[in-house]
Every structure is written in structure tokens, then in C-alpha cells.
Amino acid sequence: MGFRKKNKSPPVLSHEFVIQNHADMVSCLAMIILLGLMFEVSAKFAIMFITVQYNMTQVLDEKSEPTNLYQYGPKDVATVFFYLLIAVILHALIQEYILDKINRRLHLSKTKHSKFNESGQLAAFYLFSFVWGCSILTSEDFATNPTFLWEGYPHTHMVFQVKFFYICQIAYWLHALPELYFQKVRKEDIPRQLYYICLYVVHITGAYVLNLHRLGLVLLVPHYLVELLFHASRLFYFSDENKQKGFTLWALLFVIARLLTLTLSVLTFGFGLPRTENHVFSLADGNFNVLTIRMTCLAAICLTQAWMMWKFINFQLKKWREHSQNQASKKKTVSPKSKPPKRETAKGGAANGFVKSEEKTSPRARKAKAS
């Protein structure tokens, strides 16, 4: 893990060396890019990595002040790469100075340890993204009118906050792929994490490239709230297994978020975008409002929501079975089958034809009684 003092130094450029010092190496690479701003020759290349590109000034009225708007383009790949490096550094800082210290106090098993680290990292990211997304929605009035999701499409221009939000989102979920190696994630957990990482990358990048950033932002904010509640509840559960009330609230909000996502998606792709004026596919104008792309996007969202509901139902059934088994085991321990005392068993044995040893007599004794 980066920033951690180790007693034993592994061989240079070995797997263990890279895993232990990956944050330091990434920090050096980020510092090199930042130092490029100091020199005139490299400044124009360094700016491409650090600052948001493709800005333009737009004046709506003569009285109003000019506003800076942004588009997307191929140079955004460099910006995403730089903030991917920043995400790796922040990941190591949270792991080193927060999660590892809590883990030492809790003394968790290996399985719970890995899940605790995963939930800790994701809870911090979901909290930050949820607060940031809410501030954008309130400042831009995205949530006041649902028709704002499709009116004026294609939405090729974005304000700085919206574009930077998407850049950071894509960078974070791309950084999660190498973190599977850096964090030594267990082999049985890798497929599960790969599924949701790839889904995030595909959906967020699709909304960004197809100029559907308004819909994507409105759908991400409630989804991040639900995921934040789940991972926060799991963190409390690992600290104390009796704290499970958060999962009940999460289950309710999870279903509501799925219904909200499906409703807004059907409204946008099924009713809103088909009623707009421009239905001509054009890469230059950023217009993707054609039937094929609309149905593909709607099908992708619906299939993802169905898959999430299937995983949710299986998770709830598993928890219900575990709860019923625990209740059954508690009943057995509280009320065990009571055995009759020894005296009662002795009397019962005599009644069933068994004779006590005291009542048994030998043949000589019977002859003596007869005489």
C-alpha cells in the first residue's frame, strides 16, 4: 500500500514492490505533469491534462454577462488520465489513514476485511458525488421540469461543473480497474466488482458522449444516495452485527430508485426525444436522436435495472433464509427437550416389565421361602 512504511523491502519492480509503492509512483507521475506547467515548451501539453478543454464563450443577451460553456472531444482522454492518477492517490490516502486504522480496532476476518475496505472507499465516493450532484441540480434547475431532460436536444454545451463532474466520474471508475490488482482483491470477488465497474463506465461514458448528460446526472444522484446508504449500513454492520436497520431503509429506497430510473428513461427515450424537431443523425452536430440509438439506450437501461433487481431479490432471499435459520437455532437452544429424572425412569421401567435389581431373587432363595 502506498505511503506505508515497510520493514521488508521486496525486489525492485516485483509485483509486491509495485503494490506497496503504487501510490508513490503515481504521485511522481502526477508531479511530473504539474511541473510541466513551469516551462513554456511543455506548458501547452500539461494544460491539456490538468484543465478542462473545449471551452467557448456564449452571450445570450446584450445585458447579460458572457458564460463559458464546454463541449467534449478527444483531448478529454488526457484529462481523464490525469484525474485517474489523482483518484489512485486519494484511494491510497483514505485506505492508509482512515480504513486501516479502523480495521486494526475491529479485528475483522479476511472476508469482512476486504468488504469493509470496499464499502469504505465506495461510501466516501458516493457521499462526495451525491453532494456534488445535488449542488449542480439545484444551481442549474435540472429537476424543476422533467421536459428539461429532452428540450433543446442535442445538449452539446455544458457548464464547467457538469463537464468536470463527468470527467471525475469516468476517471474514478476507470481507476477502480487497476485497484483490483493494487488492493489484492480476492479472486472470487473480482467478477462481481468487474460487473458493476464496467456498467458504471459504459453508462456514464455513454451519457457523456451521446449528449445525454442531463438525464445521466438526474439518474446518478438518487442512485448514489441508495448506494451510499447500503455501504454505510454495511460499515455499521461490520462494527456491530446488531445494527441492521439501515438495510431496511436501503431496501425501500432501492426499489423506489429503480422505478424512478425506469420512469424517467421511458419518458425521455419513449416520449420526449421522439417529439423533438431534429431526428437526423449527425456526428458533427452531436445529434444522436434516431430510433436505433434511442431504443438501444432504453434497452440497456432496462436490462441493467432488471439485473439489479434480480441481484436485489436474491440478496433479500439469502438474508431471509439466514434470519429464519438463526431464529430456529435460537429456539432449539432456549427450549431443549427435557429428559425425565432418574427416579421416574426407574419407576417407568418397572411398569414396563423391568424389575429392579433389589427385587430380583435367586432359585435357592425362592426354595427357602417355600419351605
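Since the structure is predicted, the reported quantities are computational estimates derived from the model, not experimental observations. All residue numbers refer to position in the chain's written sequence, counted from 1. Confidence filtering applies because this is a predicted model: local features only for residues at pLDDT of at least 70, side-chain atom pairs given and counted only at 80 or more, and all residues used for totals across whole chains, interfaces and linings. Side-chain figures throughout are based on the complete set of non-hydrogen atoms in the structure, without hydrogens or water.

> Got a sec to walk through the overall build of the protein? Specific residues and values, please.
Counting its secondary structure elements, the protein contains 11 helices and 2 strands. Counting the 371 residues in the protein, one finds 39% classified as buried. Pairs at least 24 apart in sequence give 70% of the contacts found in the protein among residues at least 6 apart. Carbon and sulfur atoms provide 65% of the accessible area of the protein, an area that totals close to 23,300 Å². Each helix corresponds to a stretch of at least 4 residues labelled H or I by DSSP, and each strand to a stretch of at least 2 residues labelled E; elements are numbered beginning at the N terminus. Each residue gets one of three labels from its accessible area relative to the maximum for its type: buried under 20%, exposed over 50%, partly exposed in between, using a 1.4 Å probe on protein chains only. Contact definition: two residues touch when any of their heavy atoms are within 4.5 Å. The accessible surface values rely on the Shrake-Rupley method and a 1.4 Å probe; as for residues, cover is taken only from the protein chains in view.

> How would you summarise helix α3 (residues 76-106) if you had to cite specific residues and measurements?
If you check α3, its first and last C-alpha atoms are 42 Å apart, about what 31 residues at 1.5 Å a residue would give, namely 45 Å. Bending of α3 peaks at approximately 40° at the position of Gln-95. Phi turns positive one or two residues past the end of α3, at His-107, with a value near 55°. Any helix carries an expected span of 1.5 Å times its number of residues minus one. Throughout, the bend at a residue refers to the angle made by two axes, fitted to the seven residues ending there and to the seven starting there.

> Report on the UniProt feature "transmembrane region" (unreviewed entry) in the protein, specifying residues and quantitative values.
UniProt positions are given in the numbering used here, feature names are shortened, and annotations may be inferred rather than shown by experiment. UniProt feature "transmembrane region" (unreviewed entry): in the numbering of this structure it lies at residues 29-52, 80-99, 120-138, 158-182, 194-211, 217-237, 249-271 and 291-310. Counted over residues 158-182, helix gives 92% and strand 0%. Its end C-alpha atoms are 35 Å apart. For the annotated span residues 194-211, helix accounts for 89% and strand for 0% of the residues, and the straight-line distance between the end C-alpha atoms is 26 Å.

> Kindly report on the pattern of salt bridges, identifying the contributing residues and their values.
A carboxyl oxygen of Asp or Glu within 4 Å of a side-chain nitrogen of Lys or Arg is what we treat as a salt bridge. Under the defined criterion, the tally for this structure stands at 6 salt bridges. For Lys-184, the salt bridge identified is with Glu-16, shortest N-O distance 3.0 Å. Within this pair, whereas Lys-184 is found in the loop between α5 (160-182) and α6 (190-209), its partner Glu-16 is found in helix α1 (residues 15-35), the two being separated by 168 residues in sequence. Accessibility expressed as a relative area gives 48% for Lys-184, which makes it partly exposed. Judged by its relative accessible area of 31%, Glu-16 is partly exposed. Between Glu-118 and Arg-234 there is a salt bridge, and its shortest N-O distance comes to 3.5 Å. Within this pair, whereas Glu-118 is found in helix α4 (residues 110-140), its partner Arg-234 is found in helix α7 (residues 213-239), the two being separated by 116 residues in sequence. Look at Glu-118 and you get buried, because its relative accessible area is 10%. Looking at Arg-234, the relative accessible area reads 12%, which means it is buried. Salt bridges here are not isolated pairs; linked through shared partners, they connect Glu-118, Arg-192 and Arg-234.

> Help me get a handle on the side chain of Asp-100, residues and values and all.
Looking at the secondary structure, you find Asp-100 in helix α3. Residue class for Asp-100 comes out buried when judged on its relative accessible area of 8%. As used in this structure description, the phrase polar contact means that two N or O atoms lie within 3.5 Å; if the pair is within protein, one of them must be able to donate a hydrogen and the other to accept it, and residues adjacent in sequence are counted only when both atoms belong to side chains. Polar contacts involving the side chain of Asp-100 include one to the side chain of Gln-95, which spans 2.8 Å.

> Give me α5: which residues, what numbers.
In this model α5 runs 32 Å from its N-terminal to its C-terminal C-alpha over 23 residues, within 8% of the 33 Å that 1.5 Å per residue would give. A maximum bend of about 30° is found in α5 at Ala-176, where proline Pro-178 lies one to four positions downstream. Among the 23 residues of α5, 17 are classified as buried, and the element is accordingly described as predominantly covered. Looking one or two residues past α5, Lys-184 carries a phi angle of roughly 55°, positive in sign.

> Describe the packing of aromatic side chains, and please don't skip the residues or the numbers.
Here the aromatic set is Phe, Tyr and Trp, taking the six-membered ring for Trp, and pairing holds for ring centres within 6.5 Å; pairs whose planes are under 30 degrees apart are stacked, those over 60 apart are edge-to-face, and all others are tilted. Evaluation of the coordinates by the stated rule reveals 35 aromatic pairs. Both rings, one in Phe-125 and one in Tyr-172, keep their centres 3.7 Å apart while their planes meet at 5°; by these two values the pair is stacked. Taken as a pair, Phe-125 in helix α4 and Tyr-172 in helix α5 lie far apart in primary sequence, 47 residues in all. When the ring of Phe-160 is compared with that of Phe-164, the centres are 5.5 Å apart and the planes differ by 15°; the resulting orientation is stacked. A residue pair is termed a helical-turn pair when its members lie 3 or 4 positions apart in one helix, as Phe-160 and Phe-164 do in helix α5 at 4 residues. Overall, Phe-160 belongs to the partly exposed group, its relative accessible area being 36%. Judged by relative accessible area, which is 18%, Phe-164 ranks as buried. Members of the aromatic cluster, connected to one another through ring pairs, are Tyr-70, Tyr-72, Phe-82, Tyr-83, Phe-128, Trp-132, Phe-160, Phe-164, Phe-165, Tyr-166 and Tyr-208. Consider the ring centre and the ring normal. A charge sits over the ring if Lys NZ or Arg CZ is within 6 Å of that centre and within 35 degrees of that normal. The side chain of Lys-319 reaches across the aromatic face of Tyr-237, ending 5.3 Å from its centre.

> Lay out the nonpolar core with the relevant residues and their values.
Note on soluble globular proteins: their nonpolar side chains tend to be buried together. As used in this record, nonpolar core signifies buried Ala, Val, Leu, Ile, Met, Phe, Trp, Tyr and Cys residues forming a set joined through side-chain atoms within 4.5 Å. Counting residues in hydrophobic clusters, the biggest one holds 61 residues, and the most contacted among them are Tyr-126, Tyr-166, Trp-173, Ile-204, Tyr-224 and Phe-269. Of all elements in the fold, only α1, α3, α4, α5, α6, α7, α8 (245-272) and α9 (291-334) reach the threshold of two or more residues within this core. In terms of residues, this core owes the most to one element, α5, which gives 11 residues. When residues no more than four places from it in sequence are discounted, the contact partners of Phe-269 are Leu-212, Leu-215, Pro-274, Arg-294, Met-295, Cys-297, Leu-298 and Ile-301. Among the nonpolar cores identified, the runner-up in size contains 15 residues, and Phe-238, Trp-250, Ala-251 and Met-308 belong to it.

> Requested: an account of the confidence of the model for the protein, with residues and values cited.
Known as pLDDT, the predictor's confidence for each residue is given on a scale from 0 to 100. Mean pLDDT for the protein: 86, with 85% of residues reaching 70 or above. A low-confidence stretch, residues 344-360 stays under pLDDT 50, and its non-local contacts, those more than four residues away or across chains, total 3 contacts.

> Break down a nonpolar patch on the surface for me, citing the residues and quoting the values.
Among the surface-exposed residues, Met-31, Leu-34, Leu-35, Leu-37, Met-38, Phe-39 and Ile-47 lie close enough to one another that they form a single nonpolar patch of about 680 Å² accessible area. Per-element accounting of the nonpolar patch gives the leading share, 3 residues, to α1. Turning to its location among the elements, Leu-35 is positioned in helix α1. A relative accessible area of 42% means that Leu-35 is categorised as partly exposed. Patch membership requires over 30% relative accessible area and the absence of a salt bridge. Like charges are linked within 9 Å, and nonpolar side chains (Val, Leu, Ile, Met, Phe, Trp, Tyr) within 5 Å.

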